[in-house]
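# Architecture and fold: a report
Spelled out from the first residue to the last, the chains are:
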Amino acid sequence: MTAPDIQLQDDPDRAVERVGAAFNDIKAQIGRVIVGQEEVVDQLLIALFSRGHCLLEGVPGLAKTLMISTLARTLSMSFARIQFTPDLMPADITGTDVLQQNRETGDREFRFLNGPLFHNVVLADEINRTPPKTQAALLEAMQERQVSVGQSRHALPDPFFVLATQNPIEQEGTYLLPEAQQDRFMFKVFVGYPTFEEEKQIAKATTGVTADEIDPVLSGPEIVELQKLVRQVPASDHVIEYALALVRQTRITEPGAPDFAKEWLSWGAGPRAVQMLLLGGKAKALLAGRTHVSTEDVASLAAPVLRHRIVCNFAAESDGVTTDRVIAKLVEETPQAEGKLTSDPRFAGVFQRAA
């Protein structure tokens, strides 16, 4: 797939074809190992092409780690798996300075040894099993794509993609991820149980002797180029306003928050949620063969973008209300048709207009 840079406005058909071909090739390779989970794979690839990071949550045995390692094998890039444990220290993942002696001059000098974060694809396995001090060491890497050790800053390779997993069913020996760190993840993806037929196929495939070979599809420079293409996709003012309406309705202290949000939420999403909705929508549009974003693209990604950025209050939790239910109601009650959103008096406070 090696080719010179493509500008979306110069050759939209070729750009769409290229992204679609990469998407289908990667999915085909992953399908050799992973059965089902198509929606999860789609969201991982949308995050990859959008230059974002993903947090996967699911019970043990759902192939979260295998899915990520298989994705890494489809990419001609360096890969590292970090098994997070309660005794893992920040320097264990970022790297550290070591004192070495120059054999020629006899002088001693510090030399930085890279940690496992210095790879293109990083699997942070069971991220909620390590203390906040080590979890926080990921923050700068994920946001700034660099690590600071002592007085020096060290740039991480480009592209840089963090995929973290966590187990939601155990409390002992786990550390809840801080909200600030969760916000660094573009998506929080729920990995569910397979269907009967999928599980039957998994049982056959994993108890035999057949080993599936994975062929690399994309290199690092090619992924960087595709990430640039995603950002060139235009989004109309209407689509941007729709994303803003979804996010701003979650802020219960701001004008325009609906009654159900005030009843169920204690905290709403920040501006990064709008950015992730639009970037994800751009990637989804390209993967669907379009060079423009629709409100349907944004709505389809509302759950993975917002579910870790809003917090249900005690009353909601006691009634069994989840963040996904809140998001579904937001999407249901927010009109998508152009003109209806801005003319609806219910949203006058959202857009800071007089009713």
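In the block above lies the structure referred to throughout.
Notes on the structure follow. (Residues numbered from 1 in each chain as written. Predicted model: local features only at pLDDT ≥ 70, side-chain atom pairs only at ≥ 80, totals over all residues. Heavy atoms only, no water.)

Attention now moves to the pairing of strand β3 (residues 79–83). For a regular strand, the rule is simple: side chains alternate between the two faces of the sheet. By the alternation rule, side chains of β3 split into Ala80 and Ile82, which are all buried, and Phe79, Arg81 and Gln83, of which none is buried. Pairing analysis gives 5 bridges linking β3 to strand β6 (residues 121–125), with the strands arranged parallel. Bridge assignment links alanine 80 to a residue of β6, and that residue is valine 122. (Buried < 20%, exposed > 50% of the residue type's maximum accessible area, 1.4 Å probe, protein only. Helix = DSSP H or I, 4+ residues; strand = E, 2+ residues; numbered from the N terminus. Pairing = 2+ DSSP bridges.)

Time to look at the nonpolar core. As a rule of thumb, soluble globular proteins bury nonpolar side chains together. Formed by 79 residues in total, the largest nonpolar core has its most connected members in Ile26, Phe49, Leu56, Leu163, Phe187 and Leu218. At 9 residues, the largest contribution of residues to this core is made by helix α11 (residues 271–287). Leaving out residues up to four positions away in the same chain, isoleucine 26 has contacts with Leu45, Phe49, Leu71, Thr74, Leu75, Val217 and Leu218. Counting residues in hydrophobic clusters, the runner-up holds 23 residues, among them Ile82, Phe84, Phe118 and Ala141. (Core = buried A, V, L, I, M, F, W, Y, C linked by side-chain atoms within 4.5 Å. Contact = heavy atoms within 4.5 Å.)

This part covers the sheet that holds β3. Here 5 strands make up an open sheet; going across it, the order is β3-β6-β9-β1-β10 and the pairing parallel. Each edge of the sheet is formed by a strand with only one pairing partner; in this case those strands are β3 and β10 (187–190). On average, each strand axis in the sheet is inclined to that of its neighbour by 20°, with strand direction left out of account. Both β6 and strand β9 (residues 161–166) contribute to a ladder of 4 bridges, which runs parallel. Note that in β9 the partner of alanine 124 across the bridge is alanine 164. Against the sheet, helix α2 (residues 38–49) touches β1 (54–57), β9 and β10, its axis set at about 165° to β10. Across the sheet, helix α3 (residues 64–73) touches β1, β3, β6 and β9, and the angle it forms with β9 is around 165°. (Axes fitted to C-alpha atoms, helices over the stretch in contact; angles between N-to-C directions.)

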